[in-house]
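Chain and residue survey
Chain by chain, the residues:
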Amino acid sequence: MTTITVTGPRPSTITVGRGLGFAPIVSALDAAATRVLIIHARPLASRAHALADHLRGLGYAASLADHPDAEAGKTIEVVSSLWDRCGDLQLGRKDAIIALGGGATTDMAGFVAATWLRGITLINVPTTLLGMVDAAVGGKTGINTSVGKNLVGSFYPASAVVADMDLLATLPRADLAAGAAEVIKCGFIADPTILTVVEETEPEALLDPGGAELREITARAIAVKARVVSADLMEGGLREILNYGHTLAHAIERANDYGWRHGDAVAVGCCFAARLARSRGLLTDADVARHDALFSRLGLPTRYEGTDLGRLRTIMASDKKVRRGVLRFVLLHGIANPRTETVEPSELVDAAQAIGIPS
Ligand code: GLY
């Protein structure tokens, strides 16, 4: 078991391991808590019921609320019905919300916890690899609205995140690989040991949730994120490095009406950003080849042919990192040395061609 701490104005304790059970969840509850609302995605009902029974056995009044799966759960209507539930249950300041599910669950339930009584205890129990290494950690909570995804929300870190690798046992391989894309991203921006572990482990073994290697690189990726958000919770600057590969990734996701897995798009986006850095002399050809090799080793895409560059550029121009119409990318000045830089539209052309994007 590994324990990682996020410091700063709202500290968080993240536990990573196997067979963690419910103990780390219970110990994260406030001593004065009496009521708990478990918000969970529908397929996780039996796990949620088991947790509720456990908490009731300890004397807590534990209630359950499910929500529509994935992005359909991240709506103001769902949040509003959960605020009503919080009221019916008389959840007080010392009580808690436990979010059990993937990134959509922790984003949305986190927003409920952030806003109910202006903030009550939040405990995240991510059930996807992507959730463990990204959404559940670092306090970005939010919902989607008619004007866009994640535009309404707050920075509200969970008091505790319990990342139990056993919960990944039934996750489809493609979802594990997509989560691993964010892990590899963390390797490129801050922890090259992650890259070495991926290179030296057979892909089947690496994506085995019961394996020591996946546990190690998951803990390492979480530690990277924890270090970054400890220094810059509110995304004043440093936190942007977590968006390595994301400028193009978000454009690919939008161009495909979010039909692409986020991690798949991030893999392509990192390969693209590596080429932008190469053409500025910041990375070597070997570094670029290493990007392609690492992602493709896990069956992740490294090329994208589905949308022309003009359309992708228009979408990227609405990226949140764009300032005064200037495109900004996280670029590596060598492995594990990321910086956010402005990029001229003309610089995109060669990098796009290299990964198959039509001009
Ligand atoms: N997913 C990027 C961040 O949490 O800042």
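Residues numbered from 1 in each chain as written. Predicted model: local features only at pLDDT ≥ 70, side-chain atom pairs only at ≥ 80, totals over all residues. Heavy atoms only, no water.

Thoughts on the site of the ligand
Selection criterion: Being near a molecule or strand, for a residue, means having at least one of its heavy atoms within 4 Å of it. What qualifies as a polar contact is a pair of N or O atoms within 3.5 Å, subject to a donor-acceptor requirement within protein and to the restriction that residues adjacent in sequence count only when both atoms come from side chains. Using a 1.4 Å probe, accessible areas were evaluated by the Shrake-Rupley method; residue-level cover was limited to the displayed protein chains. Classes in brief: Ala, Val, Leu, Ile, Met, Phe, Trp, Tyr, Cys and Pro nonpolar; Asp, Glu, Lys and Arg charged; the others, Gly included, polar.
The environment of the ligand is made up of Asp 134, Lys 140, Lys 225, Arg 239, Leu 242 and Asn 243. One of the side-chain N or O atoms of Lys 140 is found 2.9 Å from an oxygen atom in the ligand. Side-chain polar atom of Lys 225 to an oxygen atom of the ligand: 2.7 Å apart, as the coordinates give it. Here the ligand has 200 Å² of accessible area as a free molecule, and 90% of this is covered by the chains. In terms of residue class, the shell around the ligand is built from 1 nonpolar, 1 polar and 4 charged.

Observations regarding helix α10 (residues 246-255)
In plain terms, the rule: The rule is simple: take the accessible area with a 1.4 Å probe, protein chains only, and divide by the maximum for that residue type; under 20% is buried, over 50% is exposed, in between is partly exposed. Under the scheme used here, helices are H or I runs from DSSP no shorter than 4 residues and strands are E runs no shorter than 2 residues, and both carry numbers assigned from the N terminus. In this analysis, two residues are considered to be in contact whenever any of their non-hydrogen atoms come within 4.5 Å of each other.
Along α10, 7 of the 10 residues are buried, which leaves the element largely enclosed by surrounding structure. Every buried residue belonging to α10 is among His 246, Thr 247, Leu 248, Ala 249, Ala 251, Ile 252 and Glu 253, and all of these are buried. The elements touched by buried residues of α10 are α6 (173-189), α11 (262-279), α13 (309-316) and β10 (327-332). One or two steps after α10, the chain reaches Asp 257, where phi turns positive at roughly 50°.

Examining the packing of helix α3 (residues 76-89) against helix α4 (residues 103-115)
The criterion, for reference: What counts as an axis is a line fitted to C-alpha atoms, over the stretch in contact for a helix, and the angles between N-to-C directions run from 0 to 180 degrees. With respect to orientation, any angle under 35 degrees is reported as roughly parallel, any angle over 145 as roughly antiparallel, any angle of 65 to 115 as roughly perpendicular, and every other angle as oblique. A crossing counts as left-handed when the near helix is turned anticlockwise from the far one by less than a right angle, and as right-handed when that turn is clockwise.
Between α3 and α4, the shortest axis-to-axis distance is 10 Å and the interhelical angle comes to 50°. Relative to α4, the element α3 lies oblique. Viewed along their axes, α3 and α4 form a crossing whose handedness is right-handed. Each of Val 78, Val 79, Leu 82, Trp 83 and Cys 86 in α3 lies in contact with α4, whose residues at this interface are Met 108, Phe 111, Val 112 and Thr 115. Residue classes in the contact of α3 with α4 are distributed as 8 nonpolar, 1 polar and no charged.

Side note on a nonpolar patch on the surface
Filter applied, for reference: Two joining distances apply to patches: 9 Å for like charges and 5 Å for nonpolar side chains (Val, Leu, Ile, Met, Phe, Trp, Tyr), and every residue must have over 30% relative accessible area and no salt bridge. Any carboxyl oxygen of Asp or Glu within 4 Å of a side-chain nitrogen of Lys or Arg constitutes a salt bridge here.
Side chains of Val 147, Leu 151 and Val 152 sit close together on the surface and give an oily, nonpolar patch of about 290 Å² of accessible area. Relative to the helices and strands, Leu 151 is located in strand β8 (residues 148-155).

With respect to the nonpolar core
Applied cut-off: Put simply, buried Ala, Val, Leu, Ile, Met, Phe, Trp, Tyr and Cys residues joined by side-chain atoms within 4.5 Å make one nonpolar core.
In this structure, Ile 97, Tyr 244, Leu 248, Phe 272, Phe 295, Phe 329 and Leu 348 are the most contacted members of the largest nonpolar core, which totals 100 residues. Element by element, the count of residues in this core is highest for α11, at 11 residues. Apart from residues no more than four positions distant in its own chain, Tyr 244 is found in contact with Lys 185, Phe 188, Ile 189, Val 266, Cys 270, Ala 273, Ala 274, His 291, Val 330 and Leu 332. Formed by 24 residues, the second largest nonpolar core is a distinct cluster that contains Ala 33, Ile 38, Leu 51 and Ile 123.

Here's the deal with the packing of aromatic side chains
To keep things clear, this is the line we draw: Each Phe, Tyr or Trp ring, with Trp reduced to its six-membered ring, pairs with another whose centre is within 6.5 Å; inter-plane angles below 30 degrees give stacked pairs, above 60 give edge-to-face pairs, and intermediate values give tilted ones.
With the rule as written, the count across this model stands at 3 aromatic pairs. Judged by centre distance (6.2 Å) and plane angle (40°), the ring pair of Phe 188 and Phe 295 falls under tilted. Of the two residues, Phe 188 is situated in helix α6 and Phe 295 in helix α12 (residues 285-297); the sequence distance between them amounts to 107 residues. When its relative accessible area of 0% is taken as the criterion, Phe 188 is described as buried. Aromatic pair Phe 272 and Phe 329: ring centres 6.0 Å apart, planes at 50°, arrangement tilted. Taken together, the residues span a long stretch of sequence, with Phe 272 in helix α11 and Phe 329 in strand β10 at a distance of 57 residues.

Nothing here speaks to function; it is geometry throughout.
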